[in-house]
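So the chains spell out like this:
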Amino acid sequence: MLQGYASRILTINLQNKKIIEEELEEAWCKSYVGGKGFAAKILLERSEKGVDPLSEGNLLIFAVGPMNASLVPGSNRLGAFFKSPLTGIWGESYCGGQIATQFKRAGFDVVVISGRSDEPVYLLIDDGKVSIKNADHLWGKDSFETQDIIIKDHGSDFQVAAIGPAGENLVKFACVDHAKGRQFGRCGVGAIMGSKKLKAIAVRGSRKYEPADIKAVEKVRNKVLTEVKEKQKALSTYGTPAILPVVNEAGALPAYYWSGKPFDDYEKISPELLKSKYYKSRRSCYGCSVACCQISELQGETHLKSEGPEYETLYAFGSLCGITELSWVIKLNDVCDKLGLDTITAGNVVGFAMECYRRGILSKEDLDGLELKFGDAQSALDLVVKMAYRKGVGAVLAEGVRGAARIIGRGAEEFAVHVKGLEPPGYDPRALKGMALAYAVSVRGACHLRHMAYRPNLVGKHPFRPEIKVNRFSYEDQPQIVKELEDFYTLVDSMIYCHFLCLPVAGPILWDEMLGAFNGVTGLNMGMDAFKECAVRINNLIRLYNLREGAPPDTQYPKVWLTQPLKRKGAEGEVISEEKLQEMLKEYYRLRGWSDQGIPTEQTTKS
Ligand code: SF4
């Protein structure tokens, strides 16, 4: 077997408590690399077509890749893959911290969880030994308390990921928290754990992995360690909020739901203010010297210490909801983490409800007495708690923006912003045309991480050939850029690396480093063309999976983005042309070798 792999797939059925181990086929490593690639193969081949995401038939897959537990900084992500209850299509979510390393050391590449337990349980994976433990005493606890109890019972060398009440209550955008501040955030993986009555997983292991060619791996490691000091400096200093001024200046910061207006109080949520007033320390994921995870502290009556907020939370609860006090954003972030809610979707849902209230579509009575005006942080917090427990109007909003808009009716669907059911991150595509295409074709809906197309659009340079300029207002060249970015990040998510060490334009891990590390770890001598073919193969599999599960067409797009011009400096008057979007899609399909309708052909899927 190749080096860099544990070579084992574990299948756990929570219904009949059967635990089966199987050997990982070497051919898979050469064709699908790891992580996301393995999950795509398993989900397409082993899951039932049309399965209800919250039924016992849905598979929940956790997977690592060949880079995890290696010497290369950033190789510390654990991936979760599933059919999303929020979107009804492919769902994926990744978590940093320490858990991926312990998972791999415990001796597995992939864990596939099926069935539904009759009583609450948690999984204990201890150096290859797996047990299903009763979790009656944990059910109802928040995700932080749950982790504390499991660690107290089993030891601090276990790494734990747990759901909070939102997951138990099947909130469609429930997340899973690890290490009190790192999450499997998007697409509702917490609800899937809740539907299986799986409160948490705890892992530890001691297995070591020797790379086939230590010199090749050290070469990549040393390059990364040298370059991050400069290239990731802003990330180390401010965390992900470092990007806020750049997005704001480009007129791409969404505000007051997706109104197109500027966020006048930008200075009040700036990264400089966050750092000077609230950041107290920072921490790191396994083996990473960037240490971008900022720990904020609130003093006084509501004293709290919590990781974040990340840029996406800052935008979702800050500018999108019109909230101007950082202390409230920190509080909302902390509450979401404990209750187990994805902050991007939660902020979008609150912003959407605020817009419904502004338009008179939702009244104070509909909102259980809340006067939900933009900027009202206390009401936003009350709504978040209602969503997590599905109380009152929270039961409607717990369905996410698409689901809530359908229930609310009265024209709410006209201004609901989502792509294929997933609420967007903080990059307005009207100001960044590459994002317009990327949101349309991304495998999990309106996602920023499957391509990171906002970066080359913001810095004006090609992600891999920086001598080529990128015009963020131009629709030309975007299909080629988005396709190459998608292929690149498909491999990043299969290896599995942290995206912040694989930044478009900056790196330090780009194509050559990634292939060098892959060959160094595994002992393969794969060429670049064959490596890139793996990405194409994985993307085709996921496209086929999404088509099989009835994904909406890529042309089904938020009306607001197509019809409401921006009123912001930096992108004044910008809107997405429907005709140009269609043209970009056509070109993108051509580059992928798909039909005009975006269907992979026999020719493209035979390799
Ligand atoms: S860059 Fe930040 S998120 Fe990524 S591995 Fe390092 S500390 Fe973790």
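Residue numbers restart at each chain and count upward from 1, following the sequence in its written direction. Note on the predicted model: pLDDT of at least 70 is required for a residue's local features to be given, and 80 or more for side-chain atom pairs to be given and counted; whole-chain, interface and lining totals, by contrast, use all residues. Side-chain numbers come from the whole structure's heavy atoms, not from hydrogens or water.

Engineer: Please set out the overall build of the protein chain residue by residue, giving values where relevant.
Structural biologist: Along its length, the protein chain carries 24 helices and 17 strands. This radius of gyration counts C-alpha atoms alone. The globule rule is 2.2 Å times how many residues there are, raised to the power 0.38. Whereas a compact globule of 607 residues would reach a radius of gyration of roughly 25 Å, the protein chain reaches 22 Å, a difference of no more than 12%. Taking the principal axes of the C-alpha coordinates as reference, the protein chain spans close to 60 × 55 × 50 Å. Taking all 607 residues of the protein chain together, 65% fall into the buried category. Throughout, a residue-residue contact means that at least one pair of heavy atoms, one from each residue, lies within 4.5 Å. Once local pairs closer than 6 in sequence are excluded, the contacts in the protein chain between residues at least 24 apart make up 69%. Accessibility throughout is a Shrake-Rupley quantity obtained with a 1.4 Å probe, and a residue counts as covered only by protein chains that appear here. With an accessible surface of roughly 21000 Å², the protein chain has 48% of that area assigned to carbon and sulfur atoms. Neither His nor the chain termini are counted; the positive set is Lys and Arg, and the negative set is Asp and Glu. By convention, charge coordinates are those of NZ in Lys, CZ in Arg, CG in Asp, or CD in Glu. Measuring between centres, the 78 positive side-chain charges of the protein chain sit 1 Å from its 75 negative side-chain charges. By definition, any uninterrupted DSSP run of H or I lasting at least four residues is a helix, any uninterrupted run of E lasting at least two residues is a strand, and each is numbered from the N terminus. Buried, partly exposed and exposed residues are distinguished by accessible area as a fraction of the type maximum, computed with a 1.4 Å probe on protein chains only: under 20%, between the cut-offs, and over 50%, respectively.

Engineer: Explain the site of the ligand to me, using residue names and the numbers behind them.
Structural biologist: Every residue close to the ligand is listed here: N76, R77, R182, C285, C288, V290, A291, C292, C498 and F500. Gly falls in the polar group here, along with every residue not listed as nonpolar (Ala, Val, Leu, Ile, Met, Phe, Trp, Tyr, Cys, Pro) or charged (Asp, Glu, Lys, Arg). Here the residues of the shell around the ligand are counted per class, giving seven nonpolar, one polar and two charged. Domain delimitation in this document rests on an assignment produced automatically or drawn from a domain database. Lining the shell around the ligand are residues from two domains, each supplying at least three of them: domain 1 (8–204) and domain 2 (253–414). Residues are classed as near a molecule or strand on a simple rule: at least one heavy atom within 4 Å of it.

Engineer: Which residues make up the nonpolar core, and what values go with them?
Structural biologist: Counting 204 residues, the largest nonpolar core has I61, F62, F352, V384, Y497, M514 and Y557 as its most contacted members. Those residues in contact with V384 that lie beyond four places of it in its chain are F317, L332, V335, C336, L339, L341 and V350. Among the buried residues, those of types Ala, Val, Leu, Ile, Met, Phe, Trp, Tyr and Cys that are joined through side-chain atoms within 4.5 Å form a nonpolar core.

Engineer: Account for helix α2 (residues 35–46), with residues named and values stated.
Structural biologist: Residue count minus one, scaled by 1.5 Å, sets the expected span of a helix. Between the first and last C-alpha of α2 there are 16 Å, a value that for twelve residues agrees with the 16 Å anticipated at 1.5 Å per step. With respect to burial, α2 is a largely interior element, ten of its twelve residues being buried.

Engineer: Tell me about unusual backbone geometry, and please be specific about residues and values.
Structural biologist: Of note, the amide linkage connecting M495 to I496 takes the cis form, showing an omega dihedral of 0°. Mapped onto the elements of the fold, I496 is located in the loop between α19 (478–495) and β16 (502–503). Positive phi, normally seen in glycine, also occurs at A291, with a value near 45°. Note on placement: A291 falls in the loop between β13 (279–283) and β14 (293–298).

Engineer: If you had to explain the pairing of strand β1 (residues 8–13) to someone new, which residues and values would you point to?
Structural biologist: Two strands make a pair as long as DSSP finds a minimum of two bridges between them. Relative to strand β2 (residues 19–23), β1 is paired through five bridges, and the arrangement is antiparallel. Residue pairing across strands places T11 opposite I20, the latter belonging to β2. A loop of five residues connects β1 with β2, the two strands running antiparallel in sequence, and K17 in this loop sits at a positive phi of about 60°. With five bridges connecting them, β1 and strand β6 (residues 110–114) associate as parallel partners. Within β6, the residue paired with I12 across the bridge is I113.

Engineer: Describe the sheet that holds strand β5 (residues 90–95), listing the residues and the values that go with them.
Structural biologist: Taken in spatial order, the six strands of this open sheet run β2-β1-β6-β3-β4-β5, and their pairing is mixed. A strand with exactly one partner marks an edge of an open sheet, and here the two such strands are β2 and β5. Taken pair by pair, the neighbouring strands of this sheet meet at an average axis angle of 20°, ignoring direction. Looking at chain direction, strand β3 (residues 60–63) and strand β4 (residues 78–83) are connected through three bridges and run antiparallel. Residue F62 lies in a different strand from β4, and its bridge partner there is A80. Geometry is summarised by axes, namely lines fitted to C-alpha atoms with helices restricted to the contacting stretch, and by angles between N-to-C directions that run from 0 to 180 degrees. Running at roughly 150° to β5, α2 makes contact with β1, β2, β3, β4, β5 and β6 of the sheet.

Engineer: Quick rundown of the environment of N169? Include the residues and the values.
Structural biologist: For N169, the position within the fold is in the loop between α5 (165–168) and β10 (176–178). When its relative accessible area of 27% is taken as the criterion, N169 is described as partly exposed. Spatially, the C-alpha atoms of N169 and M387 are 9.2 Å apart, while their sequence positions differ by 218 residues.

Engineer: Quick rundown of the pattern of salt bridges? Include the residues and the values.
Structural biologist: When a carboxyl oxygen of Asp or Glu lies within 4 Å of a side-chain nitrogen of Lys or Arg, that pair is called a salt bridge. Under the counting rule described, the total for this entry stands at 44 salt bridges. The partner of E310 in a salt bridge is R182, and the shortest N-O contact between them spans 2.9 Å. Highlighted residues: E310 in the loop between β15 (304–307) and α11 (311–319) and R182 in strand β11 (residues 182–184), separated in sequence by 128 residues. Among the residues examined, E310 registers a relative accessible area of 24% and is labelled partly exposed.

Engineer: Account for the side chain of N348, naming residues and giving values.
Structural biologist: Of note, N348 is situated in helix α13 (residues 343–358). Nitrogen and oxygen atoms within 3.5 Å of one another constitute a polar contact, given that in protein one can donate a hydrogen and the other can accept it, and given that sequence-neighbouring residues count only through two side-chain atoms. Within the structure, N348 has its side chain in polar contact with the side chain of Y315 (distance 3.1 Å). Not counting residues within four places of it along the chain, the set of residues in contact with N348 comprises Y257, W258, Y315, L320, V401, E423 and P424.

Engineer: I'd like a description of the domain arrangement of the protein chain, backed by residues and values.
Structural biologist: Under the domain assignment, the protein chain is made up of domain 1 (8–204), domain 2 (253–414) and domain 3 (433–605). By buried area we mean how much accessible surface two parts lose on assembly, using a 1.4 Å probe and totalling the loss over both. Both faces considered, domain 2 and domain 3 share a buried interface measuring about 1000 Å² in area, 52% of it formed by carbon and sulfur atoms. Considering only the side of domain 2, the residues that lose the most area to domain 3 are W258, G260 and E414, jointly responsible for 44% of the buried surface there. On the surface where domain 2 and domain 3 come into contact, there are one salt bridge. One salt bridge connects E414 with K559, and the closest N-O pair in it is separated by 2.8 Å. Counting across the domain 2 and domain 3 interface gives five residue pairs in polar contact (both at pLDDT 80 or more). For the side of domain 2 that touches domain 3, the per-class residue count stands at nine nonpolar, two polar and five charged.

Engineer: Let's hear about the environment of N546: which residues, and what values?
Structural biologist: When you line up the elements, N546 lands in helix α21 (residues 528–548). Overall, the relative accessible area of 7% leaves N546 in the buried class. The spatial distance from the C-alpha of N546 to the C-alpha of G88 is 8.7 Å, given a sequence separation of 458 residues. Here N546 is in contact with I89, W90, V443 and A551, once residues within four sequence places are set aside.

Engineer: Can you lay out the packing of aromatic side chains for me, pointing to particular residues and giving the numbers?
Structural biologist: Aromatic pairs are defined between Phe, Tyr and Trp rings, using the six-membered ring for Trp, whenever the two ring centres lie within 6.5 Å; interplanar angles under 30 degrees are classed as stacked, those over 60 as edge-to-face, and all others as tilted. Taken as a whole, this structure holds 25 aromatic pairs when the rule is applied. Of the aromatic side chains, those joined through ring pairs into one cluster are W258, Y311, Y315, Y427, Y439, Y454, Y557 and W561. Lysine NZ or arginine CZ positioned within 6 Å of the ring centre and within 35 degrees of the ring normal marks a charge as sitting over the ring. Across the ring face of W328, the terminal group of K331 is positioned such that the distance to the ring centre comes to 3.9 Å. Positioned over the ring face of F415 is R359, at 3.9 Å from the centre of the ring.

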